[in-house]
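Geometric and topological summary
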Amino acid sequence: MASSSTLDYSKPFSQLLKEATKDIHDTISKSEGAKALTSGTLERDEYVRYLIMLWYLYITLENALDAHANHPALAPTYNPSVLARAPLISADISSLLQTTAWASHPLHLSMHPLPKPLLDYIARIQAIAGSDDPTPLLAHSYLRYLGDLSGGQIIKRTILKAYQLQDHAVTSYDFPKPGGPAGEIADQGDILKLKNIFKERMDESIITPEAKRLVFEETKLAYRFNAQLLNLIRPPPVQINDTPAKGLAEVLAPPGPPLLGVGVGLFLVHTYLMYASRTNTSLGCNFLSLFGNRGLPISA
Ligand code: HEM
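Residues numbered from 1 in each chain as written. Predicted model: local features only at pLDDT ≥ 70, side-chain atom pairs only at ≥ 80, totals over all residues. Heavy atoms only, no water.

The chain carries the name Heme oxygenase in an unreviewed UniProt entry, which gives Tulasnella calospora MUT 4182 as its organism.

Structure, rendered in structure tokens:
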């Protein structure tokens, strides 16, 4: 994988970034979690769990971007009316769970305490947002939004087919048509335009070698956080004839017993339920209060 000392800083930043992170991207996109998402073999509830994790991620990222909307490194790509994902993801979760009050749905409640890799990712974004220099937030918006505009479009087609959904239940990967009337969705050509616009603006805002290095390093870290999120997906049981793909966790972290993650999750949920029943605590999650004015759709 490229290191910041071998980067060609004379290249436009978007080109440099794409080339320097190609290997890590390609490894992630072949991980077990990514395969399950793009093959349509994931159980529906498992897909909803993943969407809920993404909601927590985006609400954190988008609050952070709002807070620094005028920062010179972030302002050019700040475009919530086109890019913001949290409201769309929330709407998809509502459609899939058939309730707008999904915060109190058992599937969501069973996810608390939230998995550590997700909490670590959120904590990283909040730490950058609270620091003197929020420039590295650009790495997180680049990774998520360009990812949604690229692989996300493949995932959308798979999900629509796999769960036999209507378009309105898979809006998380939709973007408005640039210059089109309200409500019109971008087609493939528009999606390419949106990607190019994001990249051009990134090239305008990240110019110095130091800024390039900073965002490049953060992008590598952000890829690792995303690999860990994908690793939280519980794929369907492997069929005898399947050839197991190399999971990213095997590449980035030492291997552990395969059931450990599930075991620890069950233990944590069990402990939380014991605690809640002893203290008569409601299963509503205080963590949600951290998310400010975009909060959860508690009721319709
Ligand atoms: C789930 C499996 C995935 C597939 C099938 C996939 C596929 C793709 C494809 C086809 C492209 C377009 C490459 C191009 O325009 O030249 C792309 C780009 C991209 N993907 Fe993925 N991807 C996956 C996972 C991810 C993940 C997990 C992330 C990170 C969150 C991600 C982030 C990106 C980014 C940032 C780009 C834009 C690269 C650039 O042009 O600068 N992808 N992906």
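**A closer look at the site of the ligand**
As a matter of local geometry, the ligand sits amid 19 residues, with Lys18, His25, Tyr142, Ser150 and Lys199 nearest to it. Contact between the ligand and His25: a nitrogen atom at 2.9 Å from a side-chain N or O atom of the residue. Measuring from an oxygen atom of the ligand, one finds a side-chain N or O atom of Lys195 at 3.2 Å. Broken down by class, the residue content of the shell around the ligand amounts to eight nonpolar, seven polar and four charged. (Near = heavy atom within 4 Å. Polar contact = N/O pair within 3.5 Å; in protein donor to acceptor, adjacent residues only side chain to side chain. Nonpolar A, V, L, I, M, F, W, Y, C, P; charged D, E, K, R; others polar.)

**Comments concerning the packing of helix α1 (residues 13-20) against helix α12 (residues 209-231)**
One way to put it is that α1 packs onto α12 with a least axis distance of 11 Å and a crossing angle of 35°. Considering how the two elements wind past one another, α1 and α12 form a crossing that is right-handed. For the pair α1 and α12, contact is made by Phe13, Leu16, Leu17 and Ala20 and by Lys212, Val215, Phe216 and Thr219, respectively. Tallied by class, residues from the contact of α1 with α12 come to six nonpolar, one polar and one charged. (Axes fitted to C-alpha atoms, helices over the stretch in contact; angles between N-to-C directions. Helix = DSSP H or I, 4+ residues; strand = E, 2+ residues; numbered from the N terminus. Left-handed = near helix turned anticlockwise from the far one by under 90°. Contact = heavy atoms within 4.5 Å.)

**Here's the deal with helix α8 (residues 116-129)**
Its 14 residues give α8 an end-to-end C-alpha distance of 20 Å, which sits within 8% of 20 Å, the value for a rise of 1.5 Å per residue. The set of residues buried in α8 consists of Leu118, Tyr121, Ile122, Ile125, Ile128 and Ala129. For α8, the angular spread of the buried residues around the axis is 125°, confining them to a single face. Among the structural elements, α4 (44-67), α9 (137-149) and α12 are those in contact with the buried residues of α8. (Expected span 1.5 Å × (residues − 1). Buried < 20%, exposed > 50% of the residue type's maximum accessible area, 1.4 Å probe, protein only. Arc of directions from axis to C-beta.)

**Thoughts on the packing of α4 against α9**
Two elements in contact, α4 and α9, have axes whose closest approach is 11 Å; the angle formed by their N-to-C orientations is 135°. The pairing of α4 with α9 is recorded here as oblique in orientation. Relative to α9, the crossing made by α4 is left-handed. Contacts between α4 and α9 involve Tyr50, Leu54, Leu57, Tyr58, Leu61, Glu62, Ala64 and Leu65 on the former and, on the latter, Leu137, His140, Ser141, Arg144, Tyr145 and Asp148. By residue class, the composition of the contact of α4 with α9 is nine nonpolar, two polar and three charged. (Parallel < 35°, antiparallel > 145°, perpendicular 65-115°, else oblique.)

**Thoughts on the environment of His112**
Tracing the chain through its elements places His112 in the loop between α7 (106-109) and α8. Separated by 3.1 Å, the side chains of His112 and His108 make a polar contact.

**Focus: the environment of Leu57**
Checked against the element boundaries, Leu57 lands in helix α4. Put simply, Leu57 and Arg85 are 28 residues apart on the chain and 9.9 Å apart in space, counted from C-alpha to C-alpha. If we skip the residues at most four places from it in the chain, Leu57 touches Leu118, Tyr121, Ile125, Arg144 and Leu229.

**Thoughts on helix α10 (residues 151-162)**
Structural remark: α-helix, 3.6 residues per turn; residues separated by three or four positions point the same way. Over its twelve residues, α10 runs 16 Å from end to end, which matches the ideal 16 Å to within 8%, given 1.5 Å per residue. Residues of α10 that are buried include every one of Gly152, Gln153, Ile155, Lys156, Thr158, Ile159 and Leu160, and no others. Tucked inside the fold, the buried residues of α10 contact α3 (32-39), α4, α9 and α11 (188-205). Looking at the residues trailing α10, positive phi occurs at Gln164, about 45°.

**Comments concerning the pattern of salt bridges**
Inspection of every chain in the model, using the stated rule, returns 13 salt bridges. Ionic pairing is found between Arg234 and Glu46, a salt bridge with its closest N-O pair at 3.0 Å. Of this pair, Arg234 sits in the loop between α12 and α13 (248-252) while Glu46 is found in helix α4, placing the two residues 188 residues apart along the sequence. The shortest N-O distance in the salt bridge between Lys193 and Asp190 comes to 4.0 Å. A residue pair is termed a helical-turn pair when its members lie 3 or 4 positions apart in one helix, as Lys193 and Asp190 do in helix α11 at three residues. (Salt bridge = Lys/Arg side-chain N within 4 Å of Asp/Glu carboxyl O.)

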